[in-house]
Amino acid sequence: MKDIKYLTAYAVPLCALIALQINGFWAWLTPIYAFVAVPILESIFPVNDHNIAEEEKEEKKTLHWTDFLLYLNIPIVFGIVFLTLTTLTSGTFTTSEIVGLIFSCGIVIGSNGINVAHELGHRKTKVEQLMGKLLLLPALYMHFFVEHNFGHHLKAATPEDPATAKYNQSLYAFWISSIYRQYTSAWSIQMGLLKRENRSFLSYKNDMLWYHLIQAGYLLTAFLIFGGFGLAIVFFAAVSGFLLLETINYIEHYGLRRKKTASGRYERVREVHSWNSNHVFGRIMLYELTRHSDHHYRANKKYQLLDYHDVSPQLPYGYPTSMVISLFPPLWFKIMNKRVPKDQVPE
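Cut-offs applied
- Residues numbered from 1 in each chain as written.
- Predicted model: local features only at pLDDT ≥ 70, side-chain atom pairs only at ≥ 80, totals over all residues.
- Heavy atoms only, no water.
- Helix = DSSP H or I, 4+ residues; strand = E, 2+ residues; numbered from the N terminus.
- Rg over C-alpha atoms; globule rule 2.2 N^0.38 Å.
- Buried < 20%, exposed > 50% of the residue type's maximum accessible area, 1.4 Å probe, protein only.
- Contact = heavy atoms within 4.5 Å.
- UniProt positions renumbered as here; feature names shortened; annotations may be inferred.
- Salt bridge = Lys/Arg side-chain N within 4 Å of Asp/Glu carboxyl O.
- Arc of directions from axis to C-beta.
- Phe/Tyr/Trp six-rings, centres within 6.5 Å; stacked < 30°, edge-to-face > 60°.
- Axes fitted to C-alpha atoms, helices over the stretch in contact; angles between N-to-C directions.
- Parallel < 35°, antiparallel > 145°, perpendicular 65-115°, else oblique.
- Nonpolar A, V, L, I, M, F, W, Y, C, P; charged D, E, K, R; others polar.

## Here we look at the overall build of the protein chain
Thinking step 1. A count of helical and extended segments in the protein chain gives 14 helices and zero strands.
Thinking step 2. Relative to the 2.2 N^0.38 estimate, which gives 20 Å for 347 residues, the radius of gyration of the protein chain is 20 Å and therefore close to what a compact globule would have.
Thinking step 3. In terms of its C-alpha atoms, the protein chain occupies a principal-axis envelope of roughly 65 × 55 × 45 Å.
Thinking step 4. In the protein chain, buried positions account for 56% of the 347 residues.
Thinking step 5. Within the protein chain, residue pairs in contact and separated by at least 24 positions form 72% of the contacts whose partners lie at least 6 positions apart.

Printed below as a string of structure tokens:
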């Protein structure tokens with residue numbers, strides 16, 4: 001029964017569903033819940049740094065009902081996208097309602113789509129990895145699977161990692177650099193994998209090529225069924241979704257750096273190279289993503305097994321609250337720069 005808390009992650013798509021039914025002011029219910037209500041709740045509820053017992057971990061290492069909570073996000077995410085398309089293209093709405101509903105859809109794509117895709121993409125089974133790739137489709141960010149798994153986890157907290165924010169780098173500058181560099185990095189990794197196996201660009205093993213064809217098919221389907229407005233809806237919902245991802249990327253490793261060893265190589269990724277948060281609501285709505293250090297320590301460890309480490313740098317607020325603060329660079333720098341370890345601050 002302790003794991004029933006993870007049902008809270010479904011509150012985001014539930015808010016989006018309510019918004020689609022009621023409209024008006026309620027079109028903005030999802031962002032209000034995610035970025036106003038949740039930060040308030042995080043400030044009220046106590047921080048929980050409890051780790052589950054070893055016997056519980058053994059039980060949950062195999063297929064567990066908490067895994068099915070992840071799988072259920074596939075029909076939920078695609079269902080919200082479809083309902084957003086059918087609702088907005090079949091009625092008359094104000095500009096505010098249109099923007100609110102598209103942004104709501106984007107939040108679902110980010111929290112219940114990309115975030116769950118990240119978790120499933122690290123699983124060992126091909127079926128779960130395929131589920132993860134499918135959840136990246138509405139965000140038009142399928143290349144994330146390649147770059148994150150074969151790039152970020154090797155280069156995290158180094159200047160070579162596109163998804164690690166530099167000290168004093170604003171969120172908006174990071175958005176531009178990270179989106180561009182992750183995309184080009186994914187292609188570089190893919191071409192390297194093909195070259196290693198002596199395969200051509202047109203090989204069926206070129207996953208990046210498949211991702212582009214699938215995403216193009218997704219956009220074309222939206223256009224053929226729902227017209228130009230439908231195409232705009234799925235595009236801007238996707239942008240909203242992947243900007244949420246990039247905002248999380250920004251706060252996860254901001255200013256943290258691995259040192260180089262005598263050999264010139266970087267030290268291994270340790271618990272001190274990711275920002276963590278034990279604020280309850282952010283933890284459960286993001287499937288323990290906020291225990292990010294342990295995730296980097298053992299990437300295929302299931303979300304419900306992730307541990308808190310005393311040595312890990314801790315955010316003063318939960319991830320949702322930190323995302324809001326990061327939108328205001330001077331405030332972010334004032335709060336976070338003094339928390340970055342002094343030996344990692346560039347001279």
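## Notes on the UniProt feature "transmembrane region" (unreviewed entry) in the protein chain
Thinking step 1. UniProt's entry tags residues 32–48, 68–86 and 98–118 with the feature "transmembrane region" (unreviewed entry), counted in the numbering of this structure.
Thinking step 2. The distance from the first to the last C-alpha atom of residues 68–86 is 28 Å, and the span holds 95% helix and 0% strand.

## Describing the UniProt feature "domain: Fatty acid desaturase" (unreviewed entry) in the protein chain
Thinking step 1. The sites that UniProt annotates as "domain: Fatty acid desaturase" (unreviewed entry) are residues 101–319.
Thinking step 2. End-to-end, the C-alpha atoms of residues 101–319 are 23 Å apart, and along that stretch the chain is 59% helix and 0% strand.

## Observations concerning the pattern of salt bridges
Thinking step 1. The tally for this structure, following the rule as stated, stands at nine salt bridges.
Thinking step 2. The partner of arginine 123 in a salt bridge is glutamate 128, and the shortest N-O contact between them spans 2.9 Å.
Thinking step 3. As a salt-bridge pair, glutamate 197 and arginine 199 come within 2.8 Å of each other at their nearest N and O atoms.

## Details of helix 3 (residues 54–61)
Thinking step 1. Where helix 3 is concerned, the buried positions are Glu56, Lys57 and Lys60. End-on view of helix 3: buried residues confined to an arc of 100°, all on one side of the axis. Opposite the buried face of helix 3, at more than 90 degrees from it, the exposed residues are Glu54 and Glu55.

## Quick notes on the environment of methionine 336
Thinking step 1. Along the polypeptide, methionine 336 turns up in helix 14 (residues 329–336).
Thinking step 2. Sequence spacing of methionine 336 and tyrosine 180 is 156 residues, and the spatial spacing of their C-alpha atoms is 25 Å.
Thinking step 3. Not counting residues up to four positions away in its chain, the partners in contact with methionine 336 are Tyr254, Trp275, Leu315 and Pro316.

## Focus: the packing of aromatic side chains
Thinking step 1. Scanning all chains against the criterion turns up 17 aromatic pairs.
Thinking step 2. Geometrically, the ring pair formed by phenylalanine 45 and phenylalanine 281 is tilted, given 5.4 Å between the ring centres and 50° between the ring planes. Taken together, the residues phenylalanine 45 in the loop between helix 2 (29–44) and helix 3 and phenylalanine 281 in helix 11 (residues 280–285) connect sequence positions 236 residues apart.
Thinking step 3. An angle of 25° between the planes, with centres 6.4 Å apart, marks the rings of tyrosine 167 and tyrosine 254 as stacked. One end of the pair, tyrosine 167, is in the loop between helix 8 (144–155) and helix 9 (171–196); the other, tyrosine 254, is in the loop between helix 10 (207–253) and helix 11, and 87 residues separate them in sequence.

## Description of helix 13 (residues 319–326)
Thinking step 1. Of all eight residues in helix 13, seven are buried; the element is thus mostly enclosed.
Thinking step 2. Elements that come into contact with the buried residues of helix 13 comprise helix 2, helix 9, helix 10, helix 11, helix 12 (292–297) and helix 14.

## Let's talk about unusual backbone geometry
Leaving glycine out, the prevailing phi sign among residues is negative, and the prevailing peptide bond configuration is trans.
Thinking step 1. We note that alanine 157 has phi near 65°; this positive angle belongs to a residue other than glycine.
Thinking step 2. Take alanine 157: it is sitting in the loop between helix 8 and helix 9.
Thinking step 3. In the Ramachandran plot, asparagine 168 falls in the positive-phi region, its phi being about 70° despite a non-glycine side chain.
Thinking step 4. Positionally, asparagine 168 belongs in the loop between helix 8 and helix 9.

## Digging into the packing of helix 8 against helix 9
Thinking step 1. At a minimum axis distance of 8 Å, the contact between helix 8 and helix 9 shows a crossing angle of 75°. With respect to their mutual orientation, helix 8 and helix 9 come out roughly perpendicular. Of the residues in helix 9, those touching helix 8 at Phe144, Val146, Glu147, Phe150 and Gly151 are Gln182, Ser185, Ala186, Ile189 and Gln190.
Thinking step 2. A per-class count over the contact of helix 8 with helix 9 returns five nonpolar, four polar and one charged.

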